[in-house]
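# Analysis of the macromolecular model
Take a look at the letters that make up each chain.
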Amino acid sequence: MYAVTITEPGGPDVLQWTEVPDPEPGPGEVLIDVHASTVNRADLIQRQGLYPPPPGAPPYPGLECSGTIAALGDGVQTDDGDQQRWRLGDEVCALLTGGGYAQKVAVPVGQVLPRPTGLGLTEAAGLPEAACTVWSNVIQLAHLGPGETILIHGGGSGIGTFAVQLARALDTCVITTARAGKHGRLRELGADVTVDYTSDDFVEVTRKTNGRGADVILDIIGGAYLARNVEALAPDGRLLAIGMQGGRKAELNLGTLMAKRGMLAANSLRARPAAQKAAIVRGVRDDIWPLVESGAIRVIVDSVLPMSQAGQAHRLVESGDHLGKVLLVNAAA
Ligand SMILES: NC(=O)c1ccc[n+]([C@@H]2O[C@H](COP(=O)([O-])OP(=O)(O)OC[C@H]3O[C@@H](n4cnc5c(N)ncnc54)[C@H](OP(=O)(O)O)[C@@H]3O)[C@@H](O)[C@H]2O)c1
């Protein structure tokens, strides 16, 4: 098969469409003929040599894919640890630990989801990573509920465009940060308040919006926003740190956090054990798939490129000018 290999750590040009050995599904895994994958920000960092794949993961980038089931590993048909039974030819999407930029990928069966009814196979590639990341934080951990206020940083990102729609579907007040050019689209997706982080103070805007601050903050910036995020939290607020685009270190005022009875959680989906990922995937299928199938949540596609042009797709995501997901499609699929 062909896959996008990282010839050496570096810029987008180190991504090369190369012939590599076919993967084999191990026990409890299925083999997927990949139709599409997506560019996640983590792929850029992996390409630069700063985010090596976890042990056992394929060396190629790609944290999610869609496609059809091409082979079943031992134990999958009779005991896949779930009620879902998969058959050859089923159209699916999957959360991967890596290896989506390829023609085939093997994945634990617990990380496979059916293609949502009404959603094309190409768009379906853009769901698993955002749905699992946002569900595991905003729902499983923070229990965001109706009437609450959520502050979503980076609303125009792949993660953000999903989170804004989910938060709207949950009947919450949605505040999001983004450069001004993205505000119109974000309001269409369900944002009540948009903040241009280059000129406006999100702490002030959040406090003014409801008089108490954000009940939940989904943060992708990390160090540079930590102090202001704690300031922006409402009493009993939950701050979810899922990205470090603004650095990994900062001073935390525990006094401010304690006074608010605030919760700070930080996690990375990719590094979670397979059993945790399978539980998250089940939660996503139960809670999120109905919202996708009803049209309440859509995959916001910025652009679709051939997988062999992954370097060009990385350049686009690196610019930050995209809104939503950049998809990579296999020509032969
Ligand atoms: N922990 C996890 O399990 C997990 C899983 C998936 C993703 N993530 C993280 O989630 C983030 C989003 O991932 P993605 O792949 O969806 O990224 P993406 O599509 O590349 O989007 C990144 C966005 O960050 C925004 N941004 C840059 N500086 C900002 C700032 N100072 N304030 C607010 N927004 C800013 C940019 O939008 P503007 O044009 O508006 O600046 C850009 O759209 C990344 O940090 C990624 O590492 C974490």
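Our subject is the structure that appears above.
Attention in this report is confined to the structure presented alongside it. (Residues numbered from 1 in each chain as written. Predicted model: local features only at pLDDT ≥ 70, side-chain atom pairs only at ≥ 80, totals over all residues. Heavy atoms only, no water.)

## Remarks on the overall build of the protein chain
- In terms of regular secondary structure, the protein chain is built from 11 helices and 15 strands.
- Against the compact-globule benchmark of 20 Å for 333 residues, the protein chain has a radius of gyration of 20 Å, which places it among compact chains.
- Across its three principal axes, the protein chain shows a C-alpha extent of roughly 55 × 45 × 35 Å.
- Counted over contacts in the protein chain with a minimum sequence separation of 6, partners at least 24 positions apart contribute 68%.
- As displayed, the protein chain has an accessible area near 13,800 Å², and 51% of this comes from carbon and sulfur atoms.
- Charged side chains of the protein chain number 28 positive and 36 negative; the gap between the two group centres comes to 5 Å. (Helix = DSSP H or I, 4+ residues; strand = E, 2+ residues; numbered from the N terminus. Rg over C-alpha atoms; globule rule 2.2 N^0.38 Å. Contact = heavy atoms within 4.5 Å. Areas by Shrake-Rupley, 256 points an atom, 1.4 Å probe, with all protein chains shown as cover. Lys, Arg positive; Asp, Glu negative; His and termini not counted. Charge placed at Lys NZ, Arg CZ, Asp CG, Glu CD.)

## Observations regarding a nonpolar patch on the surface
- Side chains of L252, L254, M258 and L264 sit close together on the surface and give an oily, nonpolar patch of about 370 Å² of accessible area.
- Tracing the backbone shows L254 in helix α8 (residues 254-259). (Patch = residues over 30% accessible without salt bridge, like charges linked within 9 Å, V, L, I, M, F, W, Y side chains within 5 Å. Salt bridge = Lys/Arg side-chain N within 4 Å of Asp/Glu carboxyl O.)

## Structural notes on unusual backbone geometry
- In this structure, H143 takes a positive phi of about 50 degrees despite not being glycine.
- Turning to its location among the elements, H143 is positioned in the loop between α3 (128-141) and β8 (149-153).
- Even without being glycine, D171 reaches a positive phi, approximately 65 degrees.
- Tracing the backbone shows D171 in the loop between α4 (158-169) and β9 (173-177).
- Accessibility expressed as a relative area gives 59% for D171, which makes it exposed. (Buried < 20%, exposed > 50% of the residue type's maximum accessible area, 1.4 Å probe, protein only.)

## So, helix α6 (residues 202-210)
- For α6, the complete set of buried residues consists of F202, V203 and T206. Buried residues along α6 cover an arc of 105 degrees about the axis, so they all sit on one side.
- The inward-facing, buried residues of α6 abut β8, β9, β10 (193-195), β11 (214-219) and α7 (226-232).
- The N-cap residue of α6 is D201: its side-chain oxygen and the backbone nitrogen of V203 are 3.0 Å apart.
- Backbone geometry just after α6 places G211 at a positive phi near 80 degrees. (Arc of directions from axis to C-beta. Polar contact = N/O pair within 3.5 Å; in protein donor to acceptor, adjacent residues only side chain to side chain.)

## Here's the deal with the site of the ligand
- Around the ligand sit 25 residues in total, of which R41, K182, Y197, Q245 and L269 are the nearest.
- Q245 has a polar side-chain atom sitting 2.7 Å from an oxygen atom of the ligand.
- Between an oxygen atom of the ligand and a main-chain N or O atom of G320, the distance comes to 3.3 Å.
- Mapped onto the shell around the ligand, the elements with two or more residues apiece are α3 and α4.
- Grouping the amino acids of the shell around the ligand by side-chain chemistry returns nine nonpolar, 12 polar and four charged. (Near = heavy atom within 4 Å. Nonpolar A, V, L, I, M, F, W, Y, C, P; charged D, E, K, R; others polar.)

## Observations concerning the packing of α3 against α4
- Relative to each other, α3 and α4 sit at 55 degrees, their axes nearing to 9 Å. Taken together, the axes of α3 and α4 are oblique relative to one another. Crossing of α3 over α4 shows right-handed handedness. Residues E129, A130, A131, T133, V134 and I139 of α3 form the contact with α4, whose own contacting residues are G158, I159, F162, A163 and L166.
- The class makeup of the residues in the contact of α3 with α4 is eight nonpolar, two polar and one charged. (Axes fitted to C-alpha atoms, helices over the stretch in contact; angles between N-to-C directions. Parallel < 35°, antiparallel > 145°, perpendicular 65-115°, else oblique. Left-handed = near helix turned anticlockwise from the far one by under 90°.)

## Description of the pattern of salt bridges
- Using the criterion set out here, one finds 13 salt bridges in the structure.
- Here R47 makes a salt bridge to E318, at a shortest N to O gap of 2.8 Å. Here the residue R47 occupies a position in helix α1 (residues 41-47), and E318 occupies one in helix α11 (residues 310-319), the gap between them amounting to 271 residues.
- Looking at E318, the relative accessible area reads 34%, which means it is partly exposed.
- When the shortest N-O distance is used, the salt bridge between R238 and E148 registers 2.9 Å. Here R238 is found in strand β12 (residues 233-241), whereas its partner E148 is found in the loop between α3 and β8, with 90 residues between them in sequence.
- For E148, a relative accessible area of 18% translates into the label buried.

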